[in-house]
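Structural overview
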Amino acid sequence: MDVKSRNHLLLNHEALVRDIKTSYIMDHMIADEVLTLQEEEKVKAQTTQKERAAMLIKIILAKDNYSYISFYNALLHEGYKDLAALLQDAIPIISSCNGNKSMDGVTSYVRTVLCEGGVPQRPVVFVTRPKLVKAIQQKLYNLRNEPGWVTVYGMAGCGKSVLTAEALRDHHLLEDCFPGGVHWISVGKQDKAGLLMKLQNLCSRLDQDFSLSQRPPLNIEEAKDRLRLLILRKYPRCLMVLDDIWDSWVLKAFDNQCQVLITSRDRSVTDSVTGNKYEIPVESGLAHDKGLEILSLFVNMKITDLPEEADSIVGECKGSPLVVSLIGALLRDFPNRWEYYLRQLQNKQFKRIRKSSSYDYEALDEAMSMSVEMLNENFKDYYKDLSVLQKDVKVPTKVLCILWDMETEEVEDILQEFVNKSLLFCDRNGKSFHYYLHDLQLDFLTEKNCDQLQELHKKIVNQYKKHYKLHIPTPAQEDCMYWYNFLAYHMASANMQNELCALMFSLDWIKAKTELVGPAHLIHEYVEYSHILDQKDSIVRENFQEFLSLNGHLLGRQPFPNIIQLGLCQPETSEVYQQAKLQAQQELVKGAFYLEWINKKSMKNLSRLVVRPHTDAVYHACFSKDGQRIASCGADKTLQVFKAKSGEKLLEIKAHDDEVLCCAFSADDRYVATCSVDKKVKIWNSRTGQLVQVYEEHGEQVNCCQFNNTNDQLLLATCSNDTYIKLWDLNKKHCRNTMFGHLNSVSHCRFSPDDKYVASCSADGTLKLWEVCSANELKTIDIKDFFRNADEHQDDVEVLVKCCSWSANCATIMVAAKNRLLLWNTESFLKVADCRGHLSWVHCVTFSPDGSLFLTSSDDQTIRIWESSKVCKSSAVVLKRELDVVFQDDEVMVLAILNQKHLQLINGNTGHTDYLTEAQESLICCCCLSEDLQYAAFGEENGTVKVLKLSNKRVFKSRTGHEKSVQHCQFTSDGQTLISSSDDSTIQVWNWQSEEYIFLKGHKEAVKNFRLLENSRLLSWSFDGTVKVWNICTGKIEEDFVCHEDAVLSCAISPDATKFSSTSADKTAKIWSFESSSVLHVLNGHKGCVRCCTFSFDNKFLATGDDNGEIRIWDVSRGELLHLCSPVTVDEGESTHGGWVTDLCFSPESNMLVSCGGYLKWWNVTTGESLQTFYTNGTNLKSIYVSSSFKVYVTIDNLGILYVLQMLE
């Protein structure tokens, strides 16, 4: 051995002796033929683990370089990566003629790559099949410089996975073709939720430093995009191995223009994906001589020395490597039972109760039964316990330690016995081993023990309860993910209704699980197990399912919201609210901070119906032309028709052989069209469900079908992944026109209401308009531009434009992309609104015939009906809305503007509303209340200000003095004078009783706002960058401050009235002295426009907020930064405050701060840490009104929803 290698062993002797378990290390070294069986016995003879490790190292020190390399590789394989790293620098260089190979012909480079990529190790007994291995390698070389798919296909148990893993044990192949490494994923039979778990685990494995995101992807499309970026940035030219693919739809998640090898029983599984494709068929069984070779290796005999029964046994096994291995393992332990095992196979004594049609091996039952029968009696029960495992799930040792109430070493010894007998497989690529069964073995177990499955599931649940008691597993525990993913499955399978309800109706469980994997899997479980949960109370299940569905967009964000606070926003009759209220009260004694939404009962601004007619993702939904019915379709391959008002089902059709992607009513409502991944378009009778017509001219999946809007001539538009849009006349059997111009798959198309145009949107990121009569392209809009922001590189922006919909007057097109809805004006092509609501990706958005409603459908299995007038408001208009609040005793009175035409007075405690005015001719821009609640005033767009008496709701004073719209108005404390500011850059001071008025003229641009000072003075600030102090009696300027180079956006006056602060679009804030008329401090550091500021009540602190969502707290006397609030991790593209910070307010004790922006947040002033977040239904909060006690808070969002919040005590 090289001196350097020897010295590294000696140097790290203590660490190696302390940590390693010698038995598994020696297995590798014996396989590499660098350690003898006699030396193994010598190590085992030692008393303690440390002594055994010391003896092994002593033996290695006496050997050559191959022993060092074998020991290093064994450490890697067994999960001792930290120890292997200590030895890495001293790996000896082997002469080139050996290629740095160990005795099994595999280089250390290959071992490391495959170990890190999760590639399975060779089975205990391995027989080479060089022709097949070489064939796989030759196909893989085709992927050297371009993406594509290699498919290894054959019957179950024929050795596809073993052959694939062996083909990858080639140094030149990995180095030349896949320098980015190999990543092995065991897929198996999956539903959407199961595939998402697999993708989340893969993304986590590939992004261990969380450089792309702090949370797992929440849906399959997001996971596909995350995977694409990971491969592009971190693992270029890597190979993805997808083992045991059953369904073609699974591959779409990996269709990212990368190199992929799959194993499957289905040769046609790659038909649904694009790119170069190569196939390697694996014959259904081993050749006879290979079967004999496996037996000879198990029993350690030459083939020629095998007894005559060997030939017959191989014949009875029908070429299955798995069955031959099972028999071989039995013969190794009982070498005199050749005749006995042959007789058992021939007699077929052990039959399945129910035969699975998926497998063709008649001998499997017999081989499995004999292997199990030969187990130690105690071990048989342990093996039976494995019947509750799910297919393709690797179970950490800790789970089985809990199940059997044993120490790790005891469990590993039992499981190793199963592994040795080919009854179980072990993945040793981590610090803790993971175990799994082959599908064949699991089928055998579940069918053999079908009578006991419920009790076996009950056992694992009871053991979990015994171990964790009332606690919940934490992410640091290796078994954590298993319980989050499968505990509910075990409870449901055991029919443990009480336990399942206690789990699924627990806010603690919901919080813990959604923080790790998002809400989608939980919603899936509510649907999957509803038949059990509803036995106790269907209303409770609906409460929790609805809570998750409606708050999923919040539960999927970073930082994770407080689930108790979200629960407090639910109706008071909801079980979710009652649990949240109880937990909140318990946490208040610990210093927690929660808010009650006290006017939520009267909140009727955003009504919507949520229905779940499908069992999987809903890809499309549409109204009938009379608005009475809704048709929907989705991943469950069905077409559903139900009543629009109640959700009552009218029709269910098994429409296609694959996922149904779109559906549409004809103009006369007689027909419904559907289109599918199966490339077909079908026309159905909408009342009877009878099939009327089938079109089959598209070359790939058809994504959308839409009828025109007139009855005269029924036309149908369809679009496809083949990049074409086609027009069909229902009276003809063939296509009328084909439109081409998109560069990628076309996801949606829609006729304009007048049938002159067709709009289409595509994965190329564009929206196109076409003329129907000529089929010519009219206009292209690039949607990608509106998803780019400062945090995204343009090359990384991939926007799949899902759907488009015209409003009835042709003035607006609505587009769905990612999880957002965007509205466009068709004349100006300006975006007029966007909104979020679904927890997962939105596939469809459709206006109702009259435009008052629109519906959306999503991966979250919901169809939602929205009020267009509430959701689809222009955010620019909403931001001009003003309200005023007066806190009087225990009551909260709110003056608000309804639809910019009416004035209404709302009791914030009761929700009672008084409508004070009829619709005004000019739009109302602002309003205010007198402090004694005797009068209200409002300013209009035409420059008029009006005063009304609240007692009789009559406008009795009016004055038109401003030349432009009035933006702000305020009564003086005595209520006798009304001050207003306008876009005409003037301020009007009007004594409405005496009719006297003066104008304060001096600003050169619009006045942003003003504040009253003592002694008849007023402070105003303007877009001209100045702040002015006026005498409102004389109208003269007393002080004129040139504060900023850009617009002054806010000012605040210190409580002691000696200072004021100003903030500006120039990204600075300043503190000024009234006495010296000079600046005291310039506050730099903000990276966006500084939009608001406020002083603390003790005059010590100033808080400022900017357009990046950042809040800074400053020391007023020194002008130094004390705290930076919002130093939190958020999702890519999200502001730390959901948007601009628009208003701030300190508590009287100056120890808390409330801020508003995209939502409301409360802060600890001393530490700068967030205390609570309140998420409103809408966004763009303009201001926050706070009671003097700092216990009641009032704001309004851009949906027009009023929030009166009270601190929970």
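Throughout, residues of each chain are indexed from 1 in the direction in which the sequence is written. Residue-level local features of this predicted model are given only where pLDDT is at least 70; pairs of side-chain atoms are given and counted only at 80 or more, and the full residue set underlies all totals for whole chains, interfaces and linings. Heavy atoms from the whole structure form the basis of all side-chain values; hydrogens and water molecules are not counted.

To continue, consider the overall build of the protein chain. When helices and strands are counted, the protein chain shows 33 helices and 64 strands. Here's how the labels work: a residue is buried when its accessible area is under 20% of the maximum for its type, exposed when over 50%, partly exposed in between, all with a 1.4 Å probe on protein chains only. Burial analysis of the protein chain (1209 residues in total) assigns 59% to the buried set. Throughout, a residue-residue contact means that at least one pair of heavy atoms, one from each residue, lies within 4.5 Å. Counting contacts in the protein chain only where the partners sit at least 6 residues apart, residues at least 24 apart contribute 53% of the total. Exposure was quantified through the Shrake-Rupley algorithm and a 1.4 Å probe, taking into account, for residues, occlusion by the shown protein chains and nothing else. Summed over its atoms, the accessible surface of the protein chain is roughly 49400 Å², and 47% of this surface lies on carbon and sulfur atoms. Numbered from the N terminus, helices here are DSSP runs of H or I no shorter than four residues, and strands are runs of E no shorter than two.

A word on the sheet that holds strand β51 (residues 1059–1064). Strand pairing is assigned whenever DSSP detects at least two bridges linking the two strands. Strand order in the open sheet made by the 4 strands is β50-β51-β52-β53, with antiparallel pairing throughout. The sheet terminates laterally at β50 (1048–1053) and β53 (1078–1083), the two strands that pair on one side only. Across the sheet, the axes of successive neighbouring strands diverge by a mean angle of 20°, strand direction being ignored. In the sheet, strand β52 (residues 1069–1073) pairs with β53 via 5 bridges, with the strands oriented antiparallel. For helices, the axis comes from a line fit to the C-alpha atoms of the stretch in contact; other axes are also lines fit to C-alpha atoms, and the angle between any two N-to-C directions lies between 0 and 180 degrees.

Side-chain rings of Phe, Tyr and Trp (the six-membered ring for Trp) are treated as a pair once their centres are within 6.5 Å; stacked means planes under 30 degrees apart, edge-to-face means over 60, and tilted covers the remaining angles. For the structure shown, the criterion picks out 29 aromatic pairs. Linked through ring pairs, F379, Y382, Y383, W404 and F418 together constitute an aromatic cluster. In this scheme, the term charge over a ring applies when either NZ of a lysine or CZ of an arginine sits within 6 Å of the ring centre and within 35 degrees of the ring normal. In this structure, R337 packs its charged tip against the face of F334, placed 4.1 Å from the ring centre.

Let's shift gears to unusual backbone geometry. Trans is the common state for peptide bonds, and a negative phi is the common state for residues other than glycine. Positive phi is not limited to glycine here, since D244 has a value of about 65°. Among the residues examined, D244 registers a relative accessible area of 11% and is labelled buried. Of note in the backbone geometry, S985 takes a positive phi value of approximately 75° without being a glycine. Tracing the backbone shows S985 in the loop between β43 (977–982) and β44 (986–991). A residue is classified by how much of its surface remains accessible, and S985, at 13% relative accessible area, is buried.

Every residue carries a pLDDT, the predictor's confidence in it, which falls somewhere between 0 and 100. When the pLDDT values of the protein chain are averaged, the result is 83; 86% of them are 70 or greater. In this model, residues 604–608 is a region of pLDDT below 50 whose contacts with residues beyond four sequence positions or in other chains number 18 contacts. Counting contacts from residues 788–799, a segment whose pLDDT is below 50, to residues more than four positions away or on other chains yields 24 contacts.

Next up on the list: the pattern of salt bridges. By salt bridge we mean one thing: a side-chain nitrogen of Lys or Arg within 4 Å of a carboxyl oxygen of Asp or Glu. Under the defined criterion, the tally for this structure stands at 35 salt bridges. One salt bridge in this structure joins R169 and E166, with 2.9 Å as the shortest N-O distance. Neither R169 nor E166 differs from the other in exposure class; each is buried. Salt-bridge contacts for E659 lead to K192; the nearest nitrogen and oxygen are separated by 3.3 Å. Taken together, the residues E659 in the loop between β14 (649–654) and β15 (660–665) and K192 in helix α12 (residues 192–206) connect sequence positions 467 residues apart.

Nonpolar core, defined: a set of buried Ala, Val, Leu, Ile, Met, Phe, Trp, Tyr and Cys residues in which side-chain atoms within 4.5 Å join the residues together. Of all hydrophobic cores here, the largest spans 85 residues; its most connected members are Y383, L386, W404 and F418. No other element matches helix α25 (residues 480–493), which puts 10 residues into this core. When near neighbours in sequence (up to four residues on either side) are disregarded, L386 contacts L400, W404, F418, L424, L437, L442 and L445.

Put simply, a disulfide is two cysteine sulfurs that come within 2.5 Å. If you walk through the whole model with that rule in mind, you get 0 disulfides. With no disulfide of its own, C704 has C662 as its nearest cysteine by sulfur position, at a separation of 3.8 Å. In this model C969 remains outside any disulfide bridge; the closest cysteine sulfur is found in C928, 3.6 Å from its own.

Turning next to the environment of V527. When you line up the elements, V527 lands in helix α28 (residues 520–528). Between the alpha carbons of V527 and Q545 there is a distance of 8.4 Å; along the sequence they are 18 residues apart.

Attention now moves to the pairing of strand β55 (residues 1101–1106). Across the 6 residues of β55, 6 count as buried, placing the element largely inside the fold. Residues F1101, A1103 and G1105 of β55 are buried on one face, and the alternating residues L1102, T1104 and D1106, pointing to the opposite face, are buried as well. In this sheet, β55 lies alongside strand β54 (residues 1090–1095) in antiparallel orientation, the contact comprising 5 bridges. Looking across to β55, one finds that T1094 is bridged to A1103. In this antiparallel pair of consecutive strands, β54 and β55, the connection spans 5 residues, and N1099 shows a positive phi of 70°. Pairing of β55 with strand β56 (residues 1111–1115) involves 5 bridges; the strand directions are antiparallel.

With that settled, the discussion passes to the sheet that holds strand β22 (residues 735–739). Ordered in space as β19-β20-β21-β22, the 4 strands form an open sheet in which the pairing is antiparallel. Looking at strand neighbours, the two that pair on one side only are β19 (702–707) and β22, the edges of this open sheet. In this sheet, neighbouring strand axes are inclined to one another by 20° on average, regardless of whether the strands run parallel or antiparallel. Bridge count for β19 against strand β20 (residues 715–720) is 5 bridges, and the pairing is antiparallel. Bridge pairing in β20 links C705 to T718.

On the secondary structure map, H434 appears in strand β8 (residues 434–436). Residues H434 and V399, 35 residues apart in the sequence, show an inter-C-alpha distance of 9.8 Å.

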